[in-house]
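# Coordinate inspection notes
For reference, the chains in residue letters:
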Amino acid sequence: AGDGELTAVGVMYQLGAAVLSLVQLWALANGEGCFLRAGLCICEDSDGDTWDLTPLRGDHVVSGPGPSIWDYDYTFNFCDNIATQIPTPPCTFSNTMAYRLEDYQPASSATCLNMGSDVANPSIPQEVNKIDGDASNGVSIKFSFSATTSLTVSLVCNEFDEGLVTTPAAPGYLLAAV
């Protein structure tokens, strides 16, 4: 194809990008979710309040308590699918924004649980909420795979501390202060 000509692959890519943009615009029209916009990671709640999570773009792994003597490793990405290789086995899925891997020995006995949707095809969109009803307190982002499987990450605003500090509170709930 010469300059200005579209190939079938180029057309399919453009159509795919347009569909993804429409899905994201629909979610934004309905008021919540985290999306990449012009290279920025922006989260918006149903009231239209926004949080710029660009400094927190990319994959995050946080360990939290398990139901017994082992821990869980929670991997999540606010604005995109997980970019790092999802371990198979034990995971039997791909294209997700969040999952939990059991830190269990031997590793062949570990379990893996999908805890988020595919950003391009969200079965359950993220829930974005103000902490304690005030945008200045921070944002809570809930990833869901089903009605009974979810992961909530709360980012507490603190103008004096820098960096990401994580404190596991309970299985499936992580508190992150920025």
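Because the structure is predicted, anything quoted here is derived from the model rather than measured. (Residues numbered from 1 in each chain as written. Predicted model: local features only at pLDDT ≥ 70, side-chain atom pairs only at ≥ 80, totals over all residues. Heavy atoms only, no water.)

## Remarks on the nonpolar core
Our working rule: Nonpolar cores are built from buried Ala, Val, Leu, Ile, Met, Phe, Trp, Tyr and Cys residues. Side-chain atoms within 4.5 Å join them into one set. Exposure categories follow from relative accessible area, calculated using a 1.4 Å probe and restricted to protein chains: below 20% of the type maximum is buried, above 50% is exposed, and the middle band is partly exposed. The secondary structure listing takes helices from DSSP runs of H or I that are at least 4 residues long and strands from runs of E that are at least 2 residues long, numbered from the N terminus.
L53, F76, F78, I141, F143, L151 and L155 are the most contacted members of the largest nonpolar core, which totals 23 residues. Listing elements by their share of this core, those giving two or more residues are β2 (40–44), β5 (71–76), β9 (134–144) and β10 (150–156). By size, the runner-up hydrophobic cluster in this structure holds 7 residues, among which are I82, I86, F93 and C112.

## A short note on the packing of aromatic side chains
Worth spelling out the cut-off: A pair of aromatic rings is counted whenever rings of Phe, Tyr or Trp (Trp by its six-membered ring) have centres within 6.5 Å, and the orientation is called stacked for planes under 30 degrees apart, edge-to-face for over 60 and tilted otherwise. Geometrically, a lysine NZ or arginine CZ counts as sitting over a ring once it is within 6 Å of the ring centre and also within 35 degrees of the ring normal.
Throughout the structure, instances matching the rule amount to 5 aromatic pairs. Between F76 and F78, the ring centres sit 5.4 Å apart and the planes meet at 65°, which makes this aromatic pair edge-to-face. With relative accessibility at 4%, the residue F76 sits in the buried group. Overall, the relative accessible area of 1% leaves F78 in the buried class. Grouped by ring-pair contacts, the aromatic residues F76, F78 and F143 constitute a single cluster. Over the aromatic face of Y72 sits the side chain of R100, whose NZ or CZ is 3.8 Å from the ring centroid.

## Looking at the sheet that holds β2
Selection criterion: When DSSP finds at least two bridges between two strands, those strands are taken to pair. Only the stretch in contact is used when fitting a helix axis, every axis being a line fitted to C-alpha atoms; angles between N-to-C directions are given from 0 to 180 degrees.
Read from one edge of the open sheet, 3 strands run β1-β2-β3, paired in antiparallel fashion. Whereas interior strands pair on both sides, the edge strands pair on one side only; in this sheet they are β1 (33–37) and β3 (50–52). Adjacent strand axes in the sheet meet at a mean angle of 25° when their direction is disregarded. Bridge analysis of β2 against β3 gives 3 bridges, and the strand direction is antiparallel.

## Let's talk about the pattern of salt bridges
How we decide: One speaks of a salt bridge when a side-chain nitrogen belonging to Lys or Arg is within 4 Å of a carboxyl oxygen belonging to Asp or Glu.
Tallying each qualifying case throughout the model produces 4 salt bridges. Among the ionic pairs, R37 bridges to E44, the shortest N-O distance being 3.0 Å. A relative accessible area of 14% places E44 in the buried class. A salt bridge links K130 to D47, with the shortest nitrogen-to-oxygen separation between them at 2.7 Å. Of this pair, K130 sits in strand β8 (residues 127–131) while D47 sits in the loop between β2 and β3; the two residues are 83 residues apart in sequence, bridging distant segments of the chain.

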